[in-house]
Amino acid sequence: MSTSLDDSIVLITSGDTRKQGVTGTGFVIHQDGLRTYVLTCSHVVRDVGGSENVMADGLAAEIIAQGDEQDFDLTVLQVEGLSDRPTLKLSQFCQEGQFFVVIGFYLYGRNNPRMKQITGVIGQQSEIRSLKLRSSVDAWELGLDEENYLRPGYSGAPVIEQLSNRVMAVVTHQEGQSDRSEKGAAVSINALREVWVDMPSELLLDEPETAHLESEPSFNARGEEEFSATYVWKIIWIAFVLFIICIISLAFSYHFSSSRAWQDRFNLPWADGLIIEAARSIIYLACTSYLISVVFQTESLEVLGLSRTLSNYSRIVYLIRIFIIAVTILNVTVLVDYHLHSGPEGLANDPENTLKDEVTLKDTKGFEVYKLPYLCYLPYSFVNFIIVAGLTISVSLYAAVKDLVSLNDCRRALKRELKKFVEQSPNSRRNQKYCKEIEREFKRFCEDFIDKIGRYTNLFLCLAIVVSFEHSIGKHNLMPEAQALTGLGYLIFASVFLLILFGFLHYDNAFREAARSLFDIRCDDLDLFESQNGFIDFLKRVFRNYFGLYVGILVITLALVFSGISPIIGNALQGLTR
């Protein structure tokens, strides 16, 4: 089954041949054996010809619950089939400023429905009252990003919160008479409780975020916390097992293989090579476990196929998986060649090899002296340079691309909001209300950006520890070929930080757009805004928020100092042992 959210979206059509050009959208909210429950709008059912003609992905559907079109415009359909479709999780929490994704159908031509995803931000809140049901629910204005439009057919589409992948509301109509509208309206998912009296209780168990401050977490919240904790512990256990594999591999390489050439080459005058190699594994495994189970937990689950992915990120995940496969095949090929051929040849011809004149690679004893240690060392290399390094690079690269796309969406939403404020400002003259609104929207963008940057300060700290270890200590235990491969890994990691630097361009563009908007409506505090939100000031705020940046820089500095004095220490110890 696909993990894409698109699989949960259902095309609503008519069984009446006279209404073939009428479509709507629905989505799967519940499964009960062979029965599938689809949520759509009541006016969609009316448009396709009523309960006798409504079809869900070509299957006859039965109306289970139906609200009034004039208030709670929702209908629940039951379909015998579609059991392979995943259900979308629902959330009662929705607030102004949240970024959303809408996935729905529209007609391309007369009878050619197409699915398309559009993005935007939740706008103003209003209230819908039902005199019949004597209750009320929230409704929300939908503001769409540039080049995104609501079209006929989107009615009944889910409004999905980007971070949680949960449905907050249902699209009910677009604003304006055009076939392509930049605004629309949606009814809160809470209306489902009013319409479907006999709905399964677990569908809407989570509570609004404000209630969490005063009460125990809901079942869904506790379930997510338990899953997160379980995932962390699983990663820790897997890391422990991988570490045991590394230790066994190192023990055979350094001691049980009894290769004096290997020990002379990789045992340093001031440290046992096995201890240094074990320290490398501890650092690699600890950093990777922390990054994929805590910092980038969501991204690691999506890359590994353990969690659903929003459709606008599904292509990125697909490309990342191809990247993982391609790089893994390449690295495995290089590692196998290195451990079977290049490594043993390098060790046999090493100028520091005291057995070079006594035992050659082609001798009968050559296998035991030169090849056997490398064969024992292969599991260690596979764990650290294939599994650990490959997974860390892939997950962090996906996270960087994903955040860059999200940041671009935020900037576009900000630009749209700024344009609206400028247009609404009377005569484009000083209006403190709109000046404050522009500053508030820009501040929200900055907070979101700084929050995203925070994750990469952890990545920077981990990479600083790894690079510092390799540069000051670890490089002494690696042949030149292995050092070259390690350097290649650093270059791939650099692409992640290049993407982050590219993200700063979005900040600069957003800053210029906000300053231009303040200038257009002639705000008095434009100079103060520019002095407080310039690029240098933004970097200062980032450093103030994340202490890990200072720690990472300190670690690299200490490593550079140590790498300068370690040869002196080594020479002194060699002199003492002579």
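Here the structure is a predicted model, which means the values were calculated and not measured. (Residues numbered from 1 in each chain as written. Predicted model: local features only at pLDDT ≥ 70, side-chain atom pairs only at ≥ 80, totals over all residues. Heavy atoms only, no water.)

Regarding the overall build of the protein chain
Defined as follows: Numbering of helices and strands runs from the N terminus, with a helix taken as a DSSP run of H or I at least four residues long and a strand as a DSSP run of E at least two residues long. Should any heavy atoms of two residues lie within 4.5 Å, those residues are counted as being in contact.
The helix and strand tally for the protein chain stands at 14 helices and 12 strands. Put simply, 71% of the contacts in the protein chain that link residues at least 6 apart link residues at least 24 apart.

Some points on the nonpolar core
To keep things clear, this is the line we draw: Put simply, buried Ala, Val, Leu, Ile, Met, Phe, Trp, Tyr and Cys residues joined by side-chain atoms within 4.5 Å make one nonpolar core. Three exposure classes are used, based on accessible area relative to the maximum for each residue type with a 1.4 Å probe and protein chains only: buried under 20%, partly exposed in between, and exposed over 50%.
Grouped together as the largest cluster of nonpolar side chains are 74 residues, with contacts concentrated most on Phe296, Tyr370, Phe442 and Tyr507. Residue contributions to this core peak at 16 residues, all from helix α9 (residues 366-424). Listed in part, the 45 residues of the second largest apolar core include Ile29, Ala56, Met199 and Leu203.

Looking at the pairing of strand β5 (residues 59-66)
Let me state the cut-off plainly: One bridge is not enough; two strands pair if DSSP finds at least two bridges between them.
Judged from the 2 bridges that link them, strand β4 (residues 54-56) and β5 form a sheet pairing that is antiparallel. Residue pairing for β5: Ala56 is matched across the bridge by Leu59.

Some words on a nonpolar patch on the surface
The line we're drawing: Like charges within 9 Å and nonpolar side chains (Val, Leu, Ile, Met, Phe, Trp, Tyr) within 5 Å are joined into patches, using only residues over 30% in relative accessible area that form no salt bridge. In these tables, accessible area is a Shrake-Rupley quantity obtained with a 1.4 Å probe, and a residue counts as shielded only by the protein chains included in the view. Take a side-chain nitrogen of Lys or Arg and a carboxyl oxygen of Asp or Glu: if they are within 4 Å of each other, that pair is a salt bridge.
A surface patch of nonpolar side chains, about 1,000 Å² in accessible area, is lined by Trp233, Ile236, Trp237, Phe240, Val241, Ile244, Ile245, Ile248, Phe252 and Phe256. Inspection of the secondary structure puts Phe240 in helix α4 (residues 219-256). A relative accessible area of 45% means that Phe240 is categorised as partly exposed.

Here's the deal with the packing of helix α12 (residues 526-533) against helix α13 (residues 535-545)
The criterion, for reference: The angle between two axes is taken between their N-to-C directions and runs from 0 to 180 degrees, where each axis is a line fitted to C-alpha atoms and a helix contributes only its stretch in contact. To sort the angles, those under 35 degrees are grouped as roughly parallel, those over 145 as roughly antiparallel, those from 65 to 115 as roughly perpendicular, and the leftovers as oblique. In the scheme used here, Gly and all other residues not listed as nonpolar or charged are polar, with Ala, Val, Leu, Ile, Met, Phe, Trp, Tyr, Cys and Pro taken as nonpolar and Asp, Glu, Lys and Arg as charged.
Two numbers describe how α12 lies on α13: the axes approach to 5 Å, and their chain directions differ by 50°. Considered as vectors, α12 and α13 are oriented oblique to each other. Contacts from Ser531, Gln532 and Asn533 in α12 reach Phe535, Asp537 and Arg541 in α13. Classifying every residue of the contact of α12 with α13 gives 1 nonpolar, 3 polar and 2 charged.

As for the packing of aromatic side chains
Heads up, the condition is: By convention, a stacked pair of Phe, Tyr or Trp rings (six-membered ring in the case of Trp) has centres within 6.5 Å and planes under 30 degrees apart, an edge-to-face pair has planes over 60 apart, and any other such pair is tilted. Here, a charge over a ring means that NZ of Lys or CZ of Arg falls within 6 Å of the ring centre while also lying within 35 degrees of the ring normal.
Counted under the stated rule, the structure contains 10 aromatic pairs. Centroid distance Tyr377 to Tyr380: 5.0 Å. Interplanar angle 40°. Geometry classified as tilted. One end of the pair, Tyr377, and the other, Tyr380, are both in helix α9, 3 residues apart, so they sit about a helical turn from each other. Counting every residue linked through ring pairs, the aromatic cluster contains Phe442, Tyr507, Phe511 and Phe529. Just above the ring of Tyr106 sits the side chain of Arg151; from NZ or CZ to the centre is 4.3 Å.

Observations concerning helix α6 (residues 273-295)
Our working definition: Given a helix with a known number of residues, its expected span is that number minus one, times 1.5 Å.
Here α6 contains 23 residues, and its C-alpha end-to-end distance of 32 Å stays within 8% of the 33 Å for a straight helix at 1.5 Å per residue. Of all the 23 residues making up α6, 17 are buried; the element is thus mostly covered by neighbouring parts of the structure.

Considering the environment of Arg46
Structurally, Arg46 is set in helix α1 (residues 42-47). A relative accessible area of 45% places Arg46 in the partly exposed class.

As for the sheet that holds strand β1 (residues 9-14)
In space, the 6 strands of this closed barrel follow the order β1-β2-β3-β6-β5-β4, with antiparallel pairing throughout. Between one strand and the next, the sheet's axes are offset by a mean angle of 45°, whatever the strand orientation.

Description of the side chain of Ser517
Test applied: We call two N or O atoms a polar contact when they sit within 3.5 Å, provided that within protein one can donate a hydrogen and the other can accept it, with sequence-adjacent residues counted only if both atoms are side-chain atoms.
Looking at where Ser517 falls in the secondary structure, it is placed in helix α11 (residues 480-520). Using a relative accessible area of 7% as the deciding quantity, one classes Ser517 as buried. Of note is the side chain of Ser517, whose polar atom sits 2.9 Å from the backbone oxygen of Glu513.

Structural notes on the sheet that holds strand β9 (residues 135-144)
Paired through their backbone hydrogen bonds, the strands of a sheet run either parallel or antiparallel. Around the barrel, 6 strands lie side by side as β7-β8-β9-β12-β11-β10; this closed barrel has antiparallel pairing. Pairs of neighbouring strands in the sheet enclose a mean axial angle of 40°, with direction left out of account. By the bridge criterion, 9 bridges tie strand β7 (residues 99-107) to strand β8 (residues 113-130) in an arrangement that is antiparallel. Paired with Tyr106 across the two strands is Arg114, which belongs to β8.

Comments concerning the pattern of salt bridges
In the structure shown here, the tally under the stated rule is 10 salt bridges. In this structure, Arg35 and Asp32 form a salt bridge, with 2.8 Å as the shortest nitrogen-oxygen distance. Of the residues examined, Asp32 reaches a relative accessible area of 33% and is grouped as partly exposed. Between Arg85 and Asp57 there is a salt bridge, with its nearest N and O atoms 2.4 Å apart. With a gap of 28 residues between them, Arg85 in the loop between β6 (75-80) and β7 and Asp57 in the loop between β4 and β5 connect regions that are remote in the sequence. Since its relative accessible area comes to 19%, Arg85 is described here as buried. Salt bridges sharing partners connect three or more residues here, namely Glu299, Glu302, Lys402, Asp403 and Arg455.

Overview of α13
Inclusion rule: It is the directions from the helix axis to the C-beta atoms whose arc is reported.
Every buried residue of α13 is accounted for by Phe538, Arg541 and Val542. Each buried residue of α13 lies within a common arc of 100° when the element is viewed along its axis, so the set occupies one face. Facing away from the buried side of α13, by more than 90 degrees, are the exposed residues Ile536 and Arg544.

Overview of the confidence of the model for the protein chain
Heads up, the condition is: For every residue, the predictor states its confidence as a pLDDT score lying anywhere from 0 to 100.
Of the residues in the protein chain, 83% reach a pLDDT of 70 or more, and the chain-wide mean stands at 79. Taken as a whole, residues 207-223 scores under 50 in pLDDT and shows 14 contacts with residues more than four places along the chain or in a different chain.

Looking at the side chain of Lys402
Turning to its location among the elements, Lys402 is positioned in helix α9. Look past the residues within four positions of Lys402 in its chain and what remains in contact with it is Thr298, Glu299, Glu302 and Tyr313.

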